[in-house]
Amino acid sequence: MSERRSARQVLALLADPGSFRELPAPAGESAPDGPLGWRGYDASRARAAERTGEAESVVCGTARVAGTDAVLIAFEFGFLGGSLGERTGDRLVAAHAHARAHRLPVVPLIATGGSRMQEGMLALTQLQRVARESALTRRAGLPQIAVLRDPTTGGGWATLGAGADVVLGLPGAQVGFAGSRVRPPDADPAAYTAEAQVAAGSADAVVPPDRLKEVLGTWLRLLTAPAAGAPVPEALGAAGPSATGWEAVTAARDPRRPRAGAYLDSLFDRRVLISGDRCGGTDPDGMLCGFGERDGRSVAFAAQTGTATRPAGYRTAARLIRLADRLGVPVLTLVDTPGAANGADAERQGAGAAIAEVFQAVADARVPLATLVIGEGGSGGALALAAPGNTWATPDSYFSVIAPELAAAILKRPPEQVEATAGQLRIRPQDLVELGVVRGIVGPAHHPRPPATRRPPPG
C-alpha cells in the first residue's frame, strides 16, 4: 500500500515553494443532514472537518510544478474517505472553469473511495458534472494529468483518473472501479493496483513519490510547449542506398541497424512515454509512443521498433496522435515493422480496426506530421503511420506493398526468385522517391525540418 499523505502534504510535495494559491470555495448551503436527511451526516462532516482541517474532500488551487503553472485538485481521504458529494462537485466544476479561463492544465491528485452514500443519487450524479467539465477542458485544448494515490476507486477512478490524458500512479496504490469492501471475496488484490493498471494499458507509469514532482513537471512542460513543426532525424545507419531491392531488404533487416530508441535519443534532449491503449492492451516491444523535448519545445512521437506491431500498439499510436492533435503538438512517426501482427490472437484483438484507427487519426490530424522510414516498411501495417506527402526514408530502409517472400509465394514463384521479385517491387529508397511515395532520402548531413503545412491546431 502506498503511503497516505493528506491533501496539503501532497500539495506541498508538488508545488514550487510559495506558489500554491487556493481557489475560493463556491457558495452553497446544505440542508440539515444533507439532501437525504441522513441522520448524523452533519455530525460526521463536523468530525471530518475537525480531524483534517478541511471543509470538504478536495482542496483546489493553482501552483507552479517544476516551473509550469497548473490547477491542482488534491483529494483529502481523511474527509469521509475523499468521497464526492454535491459540494465536492461544485469545487471540481469551479476548478475546471478556472483552468479554462486562464488556459492552465488540470492535475487531479486523487485519493477517494467513490461517491458519498449519505447524499445518495445526488452524489452519484456529480460524476456526470465532472465528466462534462473534463470534456469542456479537453475541448479547450488543455491537458489533464491524473495522479493515482491510495486509494483511487469508484467514480473518481472512472472519471478524473481513467479519463485523464496521462495517468501516473504511486507505487502500491489501490486503483480500480471496485473498492476493497465491494469486491468479490475471491478477487486477487494484485489486480487492483496502480501497477496492474499500467500492465493492463489503463495507466501510463508508476512513479515513486520522491520523483513525482520531477516527472509531473516534465509532463506539464511537454504538453504545454509545442514545437512549430516535426523535425526529421538524421540517418544513423548506412551512408548510401542499396544497389538492388534485395540488398535494401537485407540492410533493413540487419540486426545491427539503428532502431527507434537510437533515433529518438539522437533527436530529443529528454522524452517520456505513454503506455497502453486504454482497452486492456500494451505493446511496449512493438511501439514507442510519447513526447520528446527538443530546444525547449515538445514533439509527439509514435515509433515502431522493428517487430510486428500488435493491435494494442496501433491503438496506443492512435491515442498519441489524437492527444497531440488536440494539444497542438506536432507529431513525428518512425516506420519500422515487417508488418502488422497477423496471428489468431491479433485478429481476436481487432487488428484491422486498430490499424484503421491509426489511418483515421493521421488523416484527421491538423498539426504538422512527419515520418521517417528507418527500416522495414511492411505493407499497410507500416503505411498506417506514414504522413501523406511528408514521409522520408533512410538509406538502409525499404517500403513495400508486401514482403518479397510473400509476393513470390502469392505469384507461385520458386524461392530462388525472391530476390528478383524484390527488384520488381521497386522498394529501394531511391525507387520510392522516383515514384513519389517519399519526399527524399535522409542522410547524416541532411536534417530537413518540414514546414507546418497542415491546418492550424485548435485554440
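Here the structure is a predicted model, which means the values were calculated and not measured. (Residues numbered from 1 in each chain as written. Predicted model: local features only at pLDDT ≥ 70, side-chain atom pairs only at ≥ 80, totals over all residues. Heavy atoms only, no water.)

1. Looking at the pairing of strand β4 (residues 106-112)
With respect to burial, β4 is a largely interior element, seven of its seven residues being buried. Two elements, strand β3 (residues 68-75) and β4, share four bridges in a ladder whose sense is parallel. Following the sheet pairing, Val71 is matched in β4 by Val106. Two strands pair when backbone bridges link them, and β4 and strand β5 (residues 145-153) are joined in this way by three bridges, in the parallel orientation. Paired with Leu109 across the strands is Val147, a residue of β5. (Buried < 20%, exposed > 50% of the residue type's maximum accessible area, 1.4 Å probe, protein only. Helix = DSSP H or I, 4+ residues; strand = E, 2+ residues; numbered from the N terminus. Pairing = 2+ DSSP bridges.)

2. Here we look at the packing of aromatic side chains
Scanning all chains against the criterion turns up two aromatic pairs. Judged by centre distance (6.0 Å) and plane angle (70°), the rings of Trp219 and Phe291 are edge-to-face. Placement of Trp219 in helix α8 (residues 209-224) and of Phe291 in strand β10 (residues 287-294) is noted, with a sequence separation of 72 residues between them. Across the pair, exposure class does not vary: Trp219 and Phe291 are buried alike. (Phe/Tyr/Trp six-rings, centres within 6.5 Å; stacked < 30°, edge-to-face > 60°.)

3. Observations concerning a nonpolar patch on the surface
A cluster of nonpolar side chains, contributed by Leu36, Trp38 and Met117, occupies part of the molecular surface with about 360 Å² of accessible area. Mapped onto the fold, Trp38 is located in the loop between β1 (21-22) and α2 (41-52). (Patch = residues over 30% accessible without salt bridge, like charges linked within 9 Å, V, L, I, M, F, W, Y side chains within 5 Å. Areas by Shrake-Rupley, 256 points an atom, 1.4 Å probe, with all protein chains shown as cover. Salt bridge = Lys/Arg side-chain N within 4 Å of Asp/Glu carboxyl O.)

4. Topic: the packing of helix α11 (residues 311-327) against helix α13 (residues 351-364)
Between α11 and α13, the shortest axis-to-axis distance is 8 Å and the interhelical angle comes to 20°. Judged by the inter-axis angle, α11 sits roughly parallel to α13. At the point where α11 passes α13, the crossing takes the left-handed sense. Mapping the contact onto sequence places Pro311, Tyr314, Arg315, Ala317, Ala318, Ile321, Arg322 and Asp325 in α11 and Ala351, Ala354, Ile355, Glu357, Val358, Ala361, Val362 and Asp364 in α13. Tallied by class, residues from the contact of α11 with α13 come to 11 nonpolar, no polar and five charged. (Axes fitted to C-alpha atoms, helices over the stretch in contact; angles between N-to-C directions. Parallel < 35°, antiparallel > 145°, perpendicular 65-115°, else oblique. Left-handed = near helix turned anticlockwise from the far one by under 90°. Contact = heavy atoms within 4.5 Å. Nonpolar A, V, L, I, M, F, W, Y, C, P; charged D, E, K, R; others polar.)

5. Let's talk about the confidence of the model for the chain
Scored by pLDDT, the chain comes out at a mean of 92, with 96% of its residues at no less than 70. Overall, residues 445-459 carries pLDDT values under 50, and its contacts beyond four positions in sequence, including any with other chains, amount to 46 contacts. (pLDDT = per-residue confidence, 0-100.)

6. Considering the pattern of salt bridges
A side chain of one charge can pair with a side chain of the opposite charge if their charged atoms are brought near each other. Enumeration according to the criterion identifies 28 salt bridges in this entry. For Arg253, the salt bridge goes to Glu405, with nearest N and O atoms at 2.6 Å. In this pair, Arg253 is assigned in the loop between α9 (245-252) and α10 (260-267) and Glu405 in helix α15 (residues 404-410), connecting sequence segments 152 residues apart. Here Arg428 makes a salt bridge to Asp431, at a shortest N to O gap of 2.9 Å.

7. Quick notes on the nonpolar core
Grouped together as the largest cluster of nonpolar side chains are 88 residues, with contacts concentrated most on Ile73, Leu109, Trp219, Phe291, Leu320 and Val358. Those residues in contact with Trp219 that sit more than four places away from it in its chain are Ile145, Val166, Leu168, Val272, Leu273, Ile274 and Phe291. Tyr263, Val299, Phe301 and Leu334 belong to the second-largest nonpolar core, a separate cluster that totals 20 residues. (Core = buried A, V, L, I, M, F, W, Y, C linked by side-chain atoms within 4.5 Å.)

8. Some thoughts on unusual backbone geometry
Between Asp150 and the following residue, Pro151, the backbone shows a cis peptide bond with an omega angle of -10°. Among the structural elements, Pro151 can be located in strand β5. Its identity is not glycine, yet Asp33 carries a phi of approximately 55°, on the positive side. Mapped onto the elements of the fold, Asp33 is located in the loop between β1 and α2. The backbone phi angle of Lys412 is positive, close to 60°, even though this residue is not glycine. Mapped onto the elements of the fold, Lys412 is located in the loop between α15 and α16 (418-425).

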